[in-house]
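# Examining the three-dimensional arrangement
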Amino acid sequence: MTQHPELTPLVSSSSPAGPRAGHRSVFRLDVWYDVSMQQRYADRPDIALTTLPVASAPEDHADTLRQAHAYQVSSAKDETPARWFADETLLAHTPNLLCVSTSGSGYDTVDVEACTRAGVLVMNQAGANAQSVAEHTLGLMLGVNKRLAESDHRLRRGGEFSREDLMGRELYGKTLGLVGIGHIGRRVAELARAFGLDVIAHDPLLDAETIRQRGARPVTLAVLLAEADIVSLHCPRQADTLDLFDAHAFAAMKPGALFITTARGGIHSEAALTAALESGHLAGAGIDVWDVEPPPRDHRLLQLPNVMATYHTAGVTYEARRNIATWAAEQLIATLDGQVPPRLLNPEAWPRYAERYRRILEQ
């Protein structure tokens, strides 16, 4: 959770919530949300929650958007049509919009800079699915290292093969390199140590002491690539991480290393990863995120036996979805009540937001 003590709440936390029914308006699309979100809003009759069809267009809901104060949007870029991304175009339809909340730690569907210019706060639910994604990460490590999917497929297809044809390796004693050690990365580090892995990490957003406190030895990216038996990505998708793992990065990894990603598509080059696997330089990969989701069935990576593939499901558990829905509703409600959101991504928007909040909600 990110704290911003320099920001002053617009309304005292002891003040009563807005008294007029429908005084505040939140909209979302009809993608899957846990019922706990609806339940939270049901406790606040002064806040109207409107669900719009994802197949529709903003132009179809002009009155709703014009009155909207908050937008709850999915983090999944291929689940949300581009016309519903929180960007300049959508902001033109929502003159009273004060805040945008994503359904996960990612915010691929939000143009944060455009929101900041407009005085619209952007917040995420970082940490809500950390346990689920961390467990999935360990699952991919175990699955690739022990060749579980390959064994399952060969058994189902039938044919003669020996157990030694599917010989795997232990995690114990190996070195795990984490690229990013935030909410998810630190939990992966904790789980990995229970398997006897030595954990190193590179995170340019954190100092060395913080990385140590989170359970890893701080190293440069170059050292991580050279030393890690398993490299696992847990960094955000942004301008400086796009194609971070290209042909040069994969070539710098140890021969026989494994590559795991539960971060975001676009951080690694799918073509470069395919080449590194087909050449034998890398021994295997566990992939949960893709350039296009779901990936096409004829995707080359899906044809490789040493790849364990999932479809951006690392954080899709009942527990994580309940956390996300609950956190999202509670954070938006608190923000519309004049409080500082705990997971605010653009605190620099606060001064203009505060002026707009007073003009729109306190008139």
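This write-up is about the structure you can find in this document.

Analysis parameters
The residue count restarts for each chain, going from 1 along the sequence in the order it is written. Given that this is a predicted model, residues contribute local features only at a pLDDT of at least 70 and side-chain atom pairs are listed and counted only at 80 or more, while totals for whole chains, interfaces and linings are drawn from all residues. The side-chain values count all of the structure's non-hydrogen atoms but skip hydrogen atoms and water molecules. Secondary structure is summarised from DSSP: a helix means a run of H or I of at least four residues, a strand means a run of E of at least two, and numbering begins at the N terminus for each. C-alpha atoms define the radius of gyration, and 2.2 Å times the number of residues to the power 0.38 defines the globule rule. Partly exposed residues are those whose accessible area sits between 20% and 50% of the maximum for their type, while under 20% is buried and over 50% is exposed, using a 1.4 Å probe and protein chains only. Any pair of residues with heavy atoms lying within 4.5 Å of one another is described as a contacting pair. We get accessible surface area from the Shrake-Rupley algorithm with a probe of 1.4 Å; when it comes to residues, only the shown protein chains can shield them. Only C-alpha atoms enter the line fits that serve as axes; for helices the fit covers just the stretch in contact. Angles between N-to-C directions range over 0 to 180 degrees. Here the word oblique covers every angle except those under 35 degrees (roughly parallel), over 145 (roughly antiparallel) and from 65 to 115 (roughly perpendicular). We call a crossing left-handed when the near helix sits turned anticlockwise from the far one by less than a right angle, and right-handed when that turn is clockwise. When residues are grouped by polarity, Ala, Val, Leu, Ile, Met, Phe, Trp, Tyr, Cys and Pro land in nonpolar, Asp, Glu, Lys and Arg in charged, and all others, Gly among them, in polar. We call two strands paired when DSSP finds no fewer than two bridges between them. Call a crossover right-handed when, viewed with both strands pointing away from you, the route from the first strand across the helix to the second goes clockwise. Salt bridges are identified by distance alone: a Lys or Arg side-chain nitrogen within 4 Å of an Asp or Glu carboxyl oxygen. The definition used for a disulfide is geometric: two cysteine sulfur atoms within 2.5 Å.

## Focus on the overall build of the protein
Per the secondary structure count, the protein includes 13 helices and 12 strands. Relative to the 2.2 N^0.38 estimate, which gives 21 Å for 363 residues, the radius of gyration of the protein is 22 Å and therefore close to what a compact globule would have. Referenced to the eigenvectors of the C-alpha coordinate spread, the extents of the protein come out at roughly 75 × 45 × 35 Å. The burial tally for the protein puts 51% of its 363 residues in the buried class. Here the contacts in the protein between residues at least 6 apart in sequence split such that 68% fall between residues at least 24 apart. Surface summary for the protein: the accessible area is close to 16800 Å², and the carbon and sulfur share equals 52%.

## Examining the packing of helix 5 (residues 130-145) against helix 7 (residues 183-194)
At a minimum axis distance of 8 Å, the contact between helix 5 and helix 7 shows a crossing angle of 50 degrees. The orientation of helix 5 with respect to helix 7, classified from their angle, is oblique. Seen from above, helix 5 lies across helix 7 with right-handed handedness. Contacts between helix 5 and helix 7 involve Ala-130, Gln-131, Val-133, Ala-134, Glu-135, Thr-137, Leu-138 and Met-141 on the former and, on the latter, His-183, Ile-184, Arg-187, Val-188, Leu-191 and Ala-192. Residues that form the contact of helix 5 with helix 7 fall into these classes: 9 nonpolar, 3 polar and 2 charged.

## Structural notes on the environment of Ala-92
Looking at where Ala-92 falls in the secondary structure, it is placed in helix 3 (residues 88-93). Its relative accessible area of 64% is what places Ala-92 among the exposed residues. Separated by 186 residues in sequence, Ala-92 and Glu-278 have C-alpha atoms that sit 48 Å apart.

## Concerning the pairing of strand 7 (residues 198-202)
Alignment of strand 6 (residues 175-179) against strand 7, held across 5 bridges, turns out to be parallel. Note that in strand 7 the partner of Val-179 across the bridge is His-202. Viewed along the sheet, the connection from strand 6 through helix 7 into strand 7 turns out right-handed. Traced from strand 7 through helix 8 (residues 208-213) to strand 8 (residues 217-218), the parallel crossover comes out right-handed.

## Considering unusual backbone geometry
Glycine aside, a negative phi is what most residues show, and trans is what most peptide bonds show. With an omega of -5 degrees, the peptide bond between Glu-293 and Pro-294 qualifies as cis. Within the secondary structure, Pro-294 sits in the loop between strand 11 (282-287) and strand 12 (307-309). Phi at Arg-147 is positive, roughly 60 degrees, even though this residue is not glycine. Along the chain, the position of Arg-147 falls in the loop between helix 5 and helix 6 (148-157). Positioned with a positive phi, Asp-243 is a non-glycine residue whose angle comes to about 55 degrees. A relative accessible area of 44% places Asp-243 in the partly exposed class.

## Notes on the pattern of salt bridges
All chains considered together, the criterion is met by 18 salt bridges. One salt bridge in this structure joins Arg-212 and Glu-209, with 3.6 Å as the shortest N-O distance. Linking Arg-212 with Glu-209, this pair stays in helix 8, spanning 3 residues, or about one helical turn. Residue Glu-209 is classed as partly exposed on the basis of its relative accessible area, which comes to 44%.

## A word on the sheet that holds strand 3 (residues 70-73)
As summarised here, the arrangement of the 5 strands in space is 2-1-3-4-5, forming an open sheet in which the pairing is parallel. Two strands close off the open sheet at either side, each with one partner strand: strand 2 (47-52) and strand 5 (121-123). The mean angle between the axes of side-by-side strands here comes to 20 degrees, regardless of whether they run parallel or antiparallel. Looking at chain direction, strand 3 and strand 4 (residues 99-102) are connected through 4 bridges and run parallel.

## Quick notes on the pairing of strand 9 (residues 230-233)
Here strand 9 shows two buried faces, one formed by Ile-230 and Ser-232 and the other by Val-231 and Leu-233. Here strand 6 runs beside strand 9; their pairing, made up of 4 bridges, is parallel. Looking at strand 9, one finds that Leu-176 is bridged to Ile-230. Across 4 bridges, the pairing between strand 9 and strand 10 (residues 257-261) is parallel. By the bridge assignment, Val-231 is partnered in strand 10 with Phe-259. Each parallel crossover has a hand, and for strand 9 linked through helix 10 (residues 247-252) to strand 10 it is right-handed.

## Concerning the state of the cysteines
Under the criterion given, the structure shown has 0 disulfides. Cysteine Cys-99 is unpaired, with the sulfur of Cys-115 as its nearest cysteine sulfur at 10 Å. Take Cys-99: its relative accessible area is 0%, and that puts it in the buried class.

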